[in-house]
Amino acid sequence: MQAQILAPAAVLVAWTLIVMLWIVPVRFGAIAKVEDKSVFTGKQGGRGQDLEGKIPDKANWPAHNHTHLHEQPTLFYAVTAILAIVGAGAIDVTLAWIYVAVRILHSLWQILVNKVPIRFVLFLASSIVLIILAVRAVMATAFADPSLAPQ
């Protein structure tokens with residue numbers, strides 16, 4: 001097994017936890033500033049989504065990004081595990097670090113600025129890198145037996 005490909009995945013896990021912790025002061029700070037606390041009553045067992053429209057949008061951006069970090073990156077974790085098992089090459093490790101760097105930039109942009117055109121470009125860039133990694137994982141597994149590779 002090749003551990004180098006797992007390092008970017010571990011960093012993205014750590015980043016996801018940082019974003020999770022980022023939610024707490026931002027949301028509680030926004031809730032504390034709401035004058036009319038009655039907007040938070042009337043529903044037992046509320047969820048974070050219930051805060052939409054009740055606190056400033058910017059206070060919900062870290063939570064939105066946290067959700068995004070549990071969507072597409074799950075495929076990244078699977079791809080890195082596959083590549084770790086079959087043997088990642090240097091290009092795979094480099095691509096994995098690029099993916100993580102772009103996802104962290106995407107997070108920071110979404111949490112701090114949240115202008116959709118730039119956010120979309122960052123999402124598209126990370127998606128392209130993930131697609132390349134996925135294709136490389138398919139190739140590494142489908143052609144793992146040299147006798148099966150096309151001649």
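Note: the structure precedes this text.
Quick look at the structure, then. Just so it is clear, the model here is predicted, and its values are computed rather than measured.

### Here we look at the packing of aromatic side chains
Stage number 1. Tallying each qualifying case throughout the model produces 3 aromatic pairs.
Stage number 2. When the ring of F76 is compared with that of Y99, the centres are 4.5 Å apart and the planes differ by 20°; the resulting orientation is stacked. Of the two residues, F76 is situated in helix α3 (residues 73-86) and Y99 in helix α4 (residues 90-112); the sequence distance between them amounts to 23 residues. Here the two residues F76 and Y99 agree in accessibility, since each one is buried.

### What about the pattern of salt bridges?
Stage number 1. With the rule as written, the count across this model stands at 1 salt bridge.
Stage number 2. Residue D92 pairs with R136 through a salt bridge whose shortest N-O separation is 2.3 Å. Of this pair, D92 sits in helix α4 while R136 sits in helix α5 (residues 116-142), and the two are 44 residues apart along the sequence.
Stage number 3. Taking the relative accessible area as the measure of exposure, D92 reaches 4% and is therefore buried.
Stage number 4. A residue is classified by how much of its surface remains accessible, and R136, at 31% relative accessible area, is partly exposed.

### Some words on unusual backbone geometry
Stage number 1. We note that N114 has phi near 60°; this positive angle belongs to a residue other than glycine.
Stage number 2. By relative accessible area, N114 is classed as buried at 15%.

### Structural notes on the packing of α3 against α5
Stage number 1. Close contact between α3 and α5 brings their axes to 9 Å; oriented N to C, the two are set at 35°. Note on packing geometry: the crossing formed by α3 with α5 is left-handed. Contact with α3, carried on its side by L75, F76, V79, I82, L83 and V86, involves L130, L133, A134, R136, A137, A140 and T141 of α5 and no other residues of that element.

### Focus on the environment of G29
Stage number 1. Summarising the element assignment, G29 is placed in helix α1 (residues 6-33).
Stage number 2. Between the C-alpha atoms of G29 and A96, which are 67 residues apart in sequence, the distance is 35 Å.

### Some remarks on helix α2 (residues 57-68)
Stage number 1. Spanning 12 residues, α2 covers 16 Å between terminal C-alpha atoms, matching the ideal 16 Å at 1.5 Å per step.
Stage number 2. Restricting attention to buried positions, one finds in α2 the residues A59, N60, W61, P62, A63, N65 and H66.

### A short note on the nonpolar core
Stage number 1. Counting residues in hydrophobic clusters, the biggest one holds 21 residues, and the most contacted among them are I5, L12, F76, V79, L83, Y99 and L133.
Stage number 2. Elements with a contribution of two residues or more to this core: α1, α3, α4 and α5.
Stage number 3. Ranked by residue count, the leading element in this core is α4, at 6 residues.
Stage number 4. Not counting residues up to four positions away in its chain, the partners in contact with I5 are T80, L83, A84, A88, D92, V93 and A96.

Calculation criteria
Residues numbered from 1 in each chain as written. Predicted model: local features only at pLDDT ≥ 70, side-chain atom pairs only at ≥ 80, totals over all residues. Heavy atoms only, no water. Phe/Tyr/Trp six-rings, centres within 6.5 Å; stacked < 30°, edge-to-face > 60°. Helix = DSSP H or I, 4+ residues; strand = E, 2+ residues; numbered from the N terminus. Buried < 20%, exposed > 50% of the residue type's maximum accessible area, 1.4 Å probe, protein only. Salt bridge = Lys/Arg side-chain N within 4 Å of Asp/Glu carboxyl O. Axes fitted to C-alpha atoms, helices over the stretch in contact; angles between N-to-C directions. Left-handed = near helix turned anticlockwise from the far one by under 90°. Contact = heavy atoms within 4.5 Å. Expected span 1.5 Å × (residues − 1). Core = buried A, V, L, I, M, F, W, Y, C linked by side-chain atoms within 4.5 Å.

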